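Reading the structure
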Amino acid sequence: MAKAVVQISAMSILYLLIAGCGGSSSSDDGSNVTGEQNNVPSCSPNQLVTPRGSGSVSVSSSLQCTDADGDTLTFEPSIIESDNISTGDYSVSISVSDGRGGQTSVQLQYQITNQSPQCSQANQPSIPSSSESLNIASYLSCSDSNGDAVTLTPQSIDISNLANGNYQQQVTYSDGELNATLTFEYTINDEAQVELTRCERITQSVSLSPESDVTVTCDADYAYITSDTYPDHDLMNGITATNEQIPVPAIGYAAPIKLEPHTATTPTTIDAALGVAVNGVPIYDYSAAGELDLFNYDPNIDTVKLGQLDNCGGHAGRGDDYHYHAAPTCMMDAMENRSDDTIIGWGYDGYPLYGFNHPDGSAISDGDLELCNGLPDEDFGYRYHLSNSPPYVFQCLVGEVNTAILPRVAPLSGGGDRGDLRPPAGDVQNLTHTIDSDGKRTMSYDYQGENYYVTYTPSKSQANCYDFEMKAISNNGAIQTGTYCR
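In what follows, the accompanying structure is described. Just so it is clear, the model here is predicted, and its values are computed rather than measured.

**Details of helix α2 (residues 198-207)**
Across the 10 residues of α2, 7 count as buried, placing the element largely inside the fold. Those residues of α2 that fall on the buried side of the exposure criterion are Arg198, Cys199, Glu200, Ile202, Thr203, Ser205 and Val206. Buried positions along α2 lie against β11 (133-135), β17 (215-218), β18 (222-227), β19 (253-258) and β25 (345-347).

**A word on unusual backbone geometry**
Put simply, threonine 153 and proline 154 share a cis peptide bond, and its omega is -5°. Residue placement: proline 154 occurs in the loop between β13 (151-153) and β14 (156-158). In this structure, glutamate 244 takes a positive phi of about 70° despite not being glycine. Within the secondary structure, glutamate 244 sits in the loop between β18 and β19. In this structure glutamate 244 comes out as buried when scored by relative accessible area, which is 1%. Despite not being glycine, asparagine 430 has its phi angle at roughly 60°, a positive value. Of note, asparagine 430 is situated in strand β30 (residues 429-435).

**Here's the deal with the pattern of salt bridges**
Tallied over the entire structure, the rule returns 7 salt bridges. Residue glutamate 450 pairs with lysine 471 through a salt bridge whose shortest N-O separation is 2.7 Å. Pair noted here: glutamate 450 is in strand β32 (residues 450-458) and lysine 471 is in strand β33 (residues 465-471), with a separation of 21 residues, a long-range link. The exposure class assigned to glutamate 450 is partly exposed, which follows from its relative accessible area of 36%.

**Looking at the pairing of β32**
Looking at chain direction, strand β31 (residues 441-447) and β32 are connected through 7 bridges and run antiparallel. The residue of β32 that forms the bridge with serine 444 is tyrosine 453. Remark: 2 residues form the turn of the hairpin made by β31 and β32, two consecutive strands paired antiparallel; glutamine 448 in that turn has positive phi of roughly 50°. Joining the antiparallel neighbours β32 and β33 is a turn of 6 residues, in which asparagine 464 adopts a positive phi near 60°.

Criteria and cut-off values
- Residues numbered from 1 in each chain as written.
- Predicted model: local features only at pLDDT ≥ 70, side-chain atom pairs only at ≥ 80, totals over all residues.
- Heavy atoms only, no water.
- Buried < 20%, exposed > 50% of the residue type's maximum accessible area, 1.4 Å probe, protein only.
- Helix = DSSP H or I, 4+ residues; strand = E, 2+ residues; numbered from the N terminus.
- Contact = heavy atoms within 4.5 Å.
- Salt bridge = Lys/Arg side-chain N within 4 Å of Asp/Glu carboxyl O.
- Pairing = 2+ DSSP bridges.

Remember that the coordinates give geometry; whether it matters functionally is a separate question.
Below you can see the structure in the form of structure tokens.
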């Protein structure tokens, strides 16, 4: 019996020696712990061609991959982005894994294509000679299959010194990359009576904005207010409860305003912007926590009460995007000749947003505003108002709206940390936001006796990219750097 014990111990020692030399672990040739051979997946690429504006495109459809073991394959990266990408040829290395140690790499060539925008003139306008200008967009129907905003050059025609007669104007329309032209025809007539179209009224309201780079184009259904969502006024100062996000300009944010609004059977509340100010900055409801309970005000999600907004009624969200949750006071102060009948913004349902009083200048009494912070309007059918008390601005939309087409600013690419910051569990002190002459932005703040900051500078080597450095409460004060892109 003792002899048998010695033999077993020797076998155990031999087994341990073999294991120590790697005899029982997976080998580099793909064999697994049971000793079975695992075959490495095999892949060959086909060129991927996708139109700009197609969103996230799966790479698997352009890879011919097989796995002799029948394993499910995963791809890293699994998608490529086509939105806001310049047309051209690109290449990306794809890592293909079977989840059992078998892995191969393949180079995928892909092409981003673009189609020219389309514009046509629906009718020939007849304009009275007393008019000073003609807004071309009001009489053109434009579309772009890639989802790009279409701009017109010129946007308007000076007709202040034109005599009666028929005229033509060459108009260039562009998606920012491809251009085309058409001949725009119009008539000057002393007897003509002109009522502004909804497109013209939206364009007129935006022209009163202090921002010069906001444009309006119209098709048959929508007016698109296009901007970078980054206003010229002061930003982020006055915040006491930071989410550690900092405003970064967006690319071609196109806010669709319905040209023919209709009242919906039920109001719409969404965890996104409900409309846009005339300076191109999106406007959300008062909440910091998604869709609202419209019938029960909750101070625990009120961005004003929580100290999350700056002195101008806005802050940066998860996409490092600037937007308003309350009255855009700094924009309003910068508007020349603003009065109570000045339109401040537009809901995505096509109804306008006014200030704190009725358009005729009379005061709005407590309790006058309806659920969505608005009132029926003889001119537009309905209108929204700002208010000093919650909900401050529209908290829902009374009109029909297609939420599937509403724009959103996605978090910066380059790492998940910018889109998943964890705000501190209390107020911060001394938060300041500054902009240097070279475009460098810095947001600095104190928390529990420690100074934190986030700063970024436009990249010198990549368009729409920014070199970040941050010491955030979210990462326990560790200094982190990286390049992030729109």
